[in-house]
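Structural features, examined
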Amino acid sequence: MGRAAEQATIAGAMSRTADGAGALLLVGGPAGIGKSALADSAVAEASRAGLRVARGYAVDDPGAPPLWPWRRVLPSESPSGPRRRPPLRDDDAAARFELFARLVDQLAAQAAHTGLLVLLEDMHWADRLSVLLLRHVAVELANLRICLVATYRDTAAGEFSAALPDLVRTPSGRMISLSGLSVAEVAEWLPDLIGRRDDTVAAAIHQRTDGNPLLVRLLAEAVGAAAPQQDEDVLVRQPQLRRLIADRAAILNPADREVIDAAAVLGERLSPNLLARMVQVPGDRVQDALSAAVASGVLRERADGLRFEHALVRDAIYGEIAASRRGALHAAAARALAAVGAPASSIAAHWHRADASEAAQRCATFADLACRQAQEAMAFDDAVRFGKLALESSRAAGSDVGEQARLLLRLAECQMLANRLEAAVHSCAEAAELAEAADRTDLLCHAAIIVHGSGHPLVFEVIPGICQRALERLAPSEHAMRARLLAQIAVAESERGSGARGGELAAQALDEAERSQDATATIEALAARHLAMTIPTRVAERLELGRRAVELGASAARPMAALWGHLWRADASLQLGNLLEFDRELAAIDRVATVRGSALARWHHLRFRAERAALVGDFGAARTADQAALELASRVGDVSLLGLSHAFAIHLALVRGDAAELPDDWSQILAQAPPIPLVRLSSVLAHALQGDTELAAAEFAPFRNLPRTYPIGVRWAGTMLHTGMAAVMVNDGETAAAVLEVVRPTAKYYAGDGSGAVFNQGANARLLGDLALTAGRLDEALPFFRDAVAMNARIGARPFVALSELGWARALVASGNSRDPVTRRTVGELIARSRHELARLDMPRRVAMADAFAVEAEAGQGTSPLSPREREVAGLVAQALSNREIAGRLYLSERTVESHVRSILTKLGFTTRTEIVTWALTR
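Residues numbered from 1 in each chain as written. Predicted model: local features only at pLDDT ≥ 70, side-chain atom pairs only at ≥ 80, totals over all residues. Heavy atoms only, no water.

1. Structural notes on the overall build of the protein
Looking only at helices and strands, the protein has 45 helices and 7 strands in total. Along the longest, intermediate and shortest principal axes, the C-alpha atoms of the protein span 110 × 75 × 50 Å. For the protein, the proportion of its 923 residues judged to be buried stands at 56%. Summed over its atoms, the accessible surface of the protein is roughly 37300 Å², and 51% of this surface lies on carbon and sulfur atoms. Seen as two clouds, the 102 positive and the 110 negative side-chain charges of the protein have centres 3 Å apart. (Helix = DSSP H or I, 4+ residues; strand = E, 2+ residues; numbered from the N terminus. Buried < 20%, exposed > 50% of the residue type's maximum accessible area, 1.4 Å probe, protein only. Areas by Shrake-Rupley, 256 points an atom, 1.4 Å probe, with all protein chains shown as cover. Lys, Arg positive; Asp, Glu negative; His and termini not counted. Charge placed at Lys NZ, Arg CZ, Asp CG, Glu CD.)

Structure (structure tokens):
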């Protein structure tokens, strides 16, 4: 009734699906609006179109296992079954992505011949893993013969509601929002409900129900042919509505009502056999009660089984059960579910609400099991929820401190997997104290090694202390565990800036690991050792560590160790300018991604491809690979990976000199990133690129002392690169000189330090030349630029050859010898070669800068007081462009252009724009 347009949309989607183009229909509306009826209509339409049907549903039950809506859709998959976790901690979001890819393959196989309707109902109750899988499938639908229909309450907050915008944005996504029936439609329906059409009754019912079909039917059947009055007790407000619905069950005899009450405790969907076990009466007696409930309109038979007429009906009946009796029914439900081997999550949820002496202990037992099963299924948010329930129930049951420590550690593991780092650290700290109180060294050691792989300051405040206490208790013969504990402390020392101390501890860890012959301990020690060496001058040692990791990964049990080894060696090869070796490592990473189906390896492969393409000037290929990495990171759901694509885009904009290359949301992304100098300096660089040098200089002020204070170690090279580039762009000679002194030993290398940079700026000598030029050390700048040209040419880094040549020309002009014929000719050749290459590489902003400099060099005015950006603005003023037009050309704000014009007038001693035009044209 009243759904002609929606049914036409569904029919069209089914037709397109049958022809090979999938669709996603999101059917939303409030409770009782008719979503289930429309879903039934979709099933009928699918049958007419020749499509197979797979139907699943979410339930309003905190004990529902992970991926519950998908289990009937994918019966061959056992998402909650155990999975062997990779020995080297693979990225868990990537591992989950690989599971999803396998499930999509199963769906594709089901849909290959006839097409498939996948109907998922009540997704507002779905767990997070189910919603993530839905989002993953939605992206693939355009290439599948699948029509996916998901129903949901649009008034319910939750995981589905949060994901809804992403689902709607998918190419195949379409939203169908259901509203109430009109007065005319209610009137048309009335003959079926009260035996006759009556427009007055229809209007009164519509006024009370807003046309909600469920409420229309309940109210019409309750009042019969009489119109409901304003003071009628049968209103739509919640207490009266609950009574109205519950009255349907009131007509049942007491024995039948007991069965239906038990059914309401079990859930909206019913199993007669389970219900008979729960109430402990013969099956035929239960069947009689269910039949009576169907006749009274409490239950309904559907194609997918027996269920309550609506979730509101079940809720109303449940709400009428006395609290004490409800607790006993939950205990009975838990016992019945345990007897048939139901998921631990459901059993734990019932024990949690049960009223029985053994309830707390049994809840703890099953919640602990549910936590483990959710963890194995990669439903990490559910695992955290059940981990907390296990711990709370265990404490309520009076468990000893050792058991509480064990449960806390399981909770900490799940919190780490769910990216709840701070919570995991606090759980480990509390578990460590309980483990010491229980004299459990094994648990103390476990508390020390759960949290790793993070640079969060809280980790380094808490975890090393736990490691040290564990080492003091641990026997000298426990080499493997000692290695892992030492590796943890080594990582903390390196992250704090004490690279030397971190290196010493990592070496001790590696020695202990080799004594133990334990692969996990060895790879963790190697990783700690590598972290301590993430500085440019330790590149040879990093290459060797990568070789050892690859060798360790040769065994089937340690495949991910090989990935890390190849990544380390690829980084080192780039730093040494050995692109042949880099390409071999890149091919090896590609093999790992392909053979293992590893999304993490594929992401790294795409990142390196983007980096290499940008290095040689193939910017189109660089953007394509970066976009693919960004899309993969988005689908995997790892926020940390997403940020690196924005960092890549900022550096690409800097190399091209083009502010239009910056992501639109770059400032918001940087604001959400960790507030470390490396990140905050990116904002300085972006503002300088946009021409707002005053703001850039102000932002740069707090970092001018970094060259003297930042410790050599993790992130040192990247931080110095950003500091040096910023000093050059804001023309800060003092800071440029300070950076030059500390980075001088890296002149023979290309960019990189082993930390996995996402962009390569070519030969370090170019940055050193820029720094020397900015600092006024022209005798040093010239050889740096000469070396940079040669080094970049050797590896085919075309953009950086051109930029190095331009820098060389600037240094020659600044030296004051540009009027010498030989020097003048050299400057002209350098500018011409640079400009030609920049034009071939499609770097128009850099070409404009080269042209502006060429004019000055020709006039012998290399010491112009104007900055490159100001010279560019002056040239556009000479073309009679307005400030607004200049802003559009240069992707600046009009306010920034006005600031540049004022600065030009001040520096040249002019008062009018006409004088700027004359000055620019004569030059």
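2. A few points about the pattern of salt bridges
A pair can form between side chains of opposite charge whenever their charged atoms are brought close. Evaluation of the coordinates by the stated rule reveals 59 salt bridges. Its salt-bridge partner being D261, residue R257 comes within 2.7 Å of it at the nearest N-O pair. Residue R257 and its partner D261 are both found in helix α10 (residues 254–266); the two are separated by 4 residues, about one turn of the helix. Both residues of the pair, R257 and D261, count as buried. Residues E661 and R656 are paired through a salt bridge, measuring 2.8 Å at the closest nitrogen-oxygen approach. (Salt bridge = Lys/Arg side-chain N within 4 Å of Asp/Glu carboxyl O.)

3. Some points on the nonpolar core
One recurring pattern in soluble globular proteins: nonpolar side chains tend to sit buried together. Grouped together as the largest cluster of nonpolar side chains are 149 residues, with contacts concentrated most on W70, L148, M278, F308 and V451. The greatest single-element share of this core, amounting to 9 residues, is contributed by helix α18 (residues 401–417). Y750, A781, A850 and A857 belong to the second largest nonpolar core, which has 103 residues in total. (Core = buried A, V, L, I, M, F, W, Y, C linked by side-chain atoms within 4.5 Å.)

4. A look at the packing of aromatic side chains
Enumeration according to the criterion identifies 3 aromatic pairs in this entry. For the pair F582 and F608, a centre-to-centre distance of 5.4 Å together with 80 degrees between the ring planes defines the contact as edge-to-face. Pair noted here: F582 is in helix α27 (residues 579–596) and F608 is in helix α28 (residues 599–615), with a separation of 26 residues, a long-range link. On the basis of relative accessibility, which here comes to 0%, the residue F582 falls in the buried class. The ring of Y318 carries the charged tip of R314 above its face, separated from the ring centre by 5.6 Å. In this structure, R656 is placed above the aromatic ring of F619, and the distance from its NZ or CZ to the ring centre is 5.2 Å. (Phe/Tyr/Trp six-rings, centres within 6.5 Å; stacked < 30°, edge-to-face > 60°. Lys NZ or Arg CZ within 6 Å of the ring centre and 35° of its normal.)

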